[in-house]
Amino acid sequence: MLAVVSGQGQGETDAILRAVATSLRDQGLRVAGAVQVNTDRAGTSMCDMDLHILSSGTLVRISQSLGPHARGCRLDPDGLERAVASVEADMATCSPALLIINKFGKQEVEGRGFRDVIGMALAEGVPVIVGVSPDKRAAFDAFCDGLATPVAADVASILDWVMIQVAAE
């Protein structure tokens, strides 16, 4: 019921999960969750980071501008929590066939972010796909007690996994 996907390049997992969500919606499946969308900003190497809430299509800004010389984390925790609340509400109202979470990141490692939403979905029998970077994999495996199924970071492999999960329901 839980799959882990780890793309190689920066933004690769986001693009793959976005394509999976689009394909599943086109097939008529109800999909909840969030995928990240990065938008280049003129005059800087930094991008704006937004979470695309899959069921509503809304974008929630999760980055903050810290200035041109800042080196700290640009994540806006309030923005992330707004996105989490939106996905939680969607889970309660739309009875999704699948939950997609773009990243098990620092906030989730520390017990915040989408961590509770993932647990809630699994408790309700909703299959979950989570993007996890190699540096967060040990923390993710500890969170899920090593029960996640690794799935190749390509659209076809993920769609195959989803169809097996949906058919099992």
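Here the structure is a predicted model, which means the values were calculated and not measured.

Rules used in this analysis
- Residues numbered from 1 in each chain as written.
- Predicted model: local features only at pLDDT ≥ 70, side-chain atom pairs only at ≥ 80, totals over all residues.
- Heavy atoms only, no water.
- Core = buried A, V, L, I, M, F, W, Y, C linked by side-chain atoms within 4.5 Å.
- Buried < 20%, exposed > 50% of the residue type's maximum accessible area, 1.4 Å probe, protein only.
- Helix = DSSP H or I, 4+ residues; strand = E, 2+ residues; numbered from the N terminus.
- 1 Å grid on protein atoms, 1.4 Å probe; cavity = no way out; pocket = protein on both sides within 12 Å on 5 of 7 lines; lining within 4 Å.
- Points joined across faces, edges and corners; volume = space filled by probe spheres on them.
- Phe/Tyr/Trp six-rings, centres within 6.5 Å; stacked < 30°, edge-to-face > 60°.
- Polar contact = N/O pair within 3.5 Å; in protein donor to acceptor, adjacent residues only side chain to side chain.
- Contact = heavy atoms within 4.5 Å.
- Patch = residues over 30% accessible without salt bridge, like charges linked within 9 Å, V, L, I, M, F, W, Y side chains within 5 Å.
- Areas by Shrake-Rupley, 256 points an atom, 1.4 Å probe, with all protein chains shown as cover.
- Salt bridge = Lys/Arg side-chain N within 4 Å of Asp/Glu carboxyl O.
- Lys, Arg positive; Asp, Glu negative; His and termini not counted.
- Charge placed at Lys NZ, Arg CZ, Asp CG, Glu CD.

Caption draft 1: Structural detail: the nonpolar core. Ranked by internal contacts, the top residues of the largest apolar core, which has 29 residues, are L2, V87, M91, L99, F114, V130 and F140. Mapped onto this core, the elements with two or more residues apiece are β1 (2-5), β2 (31-40), β3 (47-53), α2 (77-94), β5 (98-101), α4 (115-123) and β6 (128-131). When residues of this core are assigned to their parent elements, the largest contribution, 5 residues, is made by α2. Grouped together as the second largest cluster of nonpolar side chains are 20 residues, I16, L17, I100 and V162 included.

Caption draft 2: The arrangement of the layout of surface pockets in detail. By volume, the largest pocket is sized at about 910 Å³. D14, Q36, M49, N102 and K103 are the residues nearest the centre of the largest pocket, which is lined by 34 residues in total. Mapped by element, the contributors of at least two residues to the lining of the largest pocket are α1 (12-26), β2, β3, α2 and α3 (106-109).

Caption draft 3: Molecular detail of the packing of aromatic side chains. Counting across every chain of the model gives 3 aromatic pairs. Ring plane angle 75° and centroid distance 5.1 Å describe the contact between F104 and F140, whose orientation is recorded as edge-to-face. Taken together, the residues F104 in the loop between β5 and α3 and F140 in helix α5 (residues 137-143) connect sequence positions 36 residues apart. Owing to a relative accessible area of 0%, F104 belongs among the buried residues under this scheme. Under the relative-accessibility criterion, F140 is labelled buried at 0%. With 6.4 Å between their ring centres and 45° between their planes, F140 and F143 make a pair best called tilted.

Caption draft 4: The arrangement of the side chain of Q36 in detail. Here Q36 is to be found in strand β2. Take Q36: its relative accessible area is 5%, and that puts it in the buried class. Within the local environment of Q36, its side chain forms a polar contact with the side chain of N102, the two groups lying 3.5 Å apart.

Caption draft 5: Looking closely at the environment of S55. Structurally, S55 is set in the loop between β3 and β4 (59-61). In this structure the C-alpha to C-alpha distance between S55 and P96, which are 41 residues apart in sequence, comes to 8.8 Å. Ignoring any residue separated from it by four or fewer positions in sequence, one finds S55 in contact with V31 and D90.

Caption draft 6: Region of interest: a negative patch on the surface. Where like charges cluster on the molecular surface, the negative patch consists of D78, E81, E88 and D116. Top contributing element to the negative patch by residue count: α2, with 3 residues. You can see D78 is positioned in helix α2.

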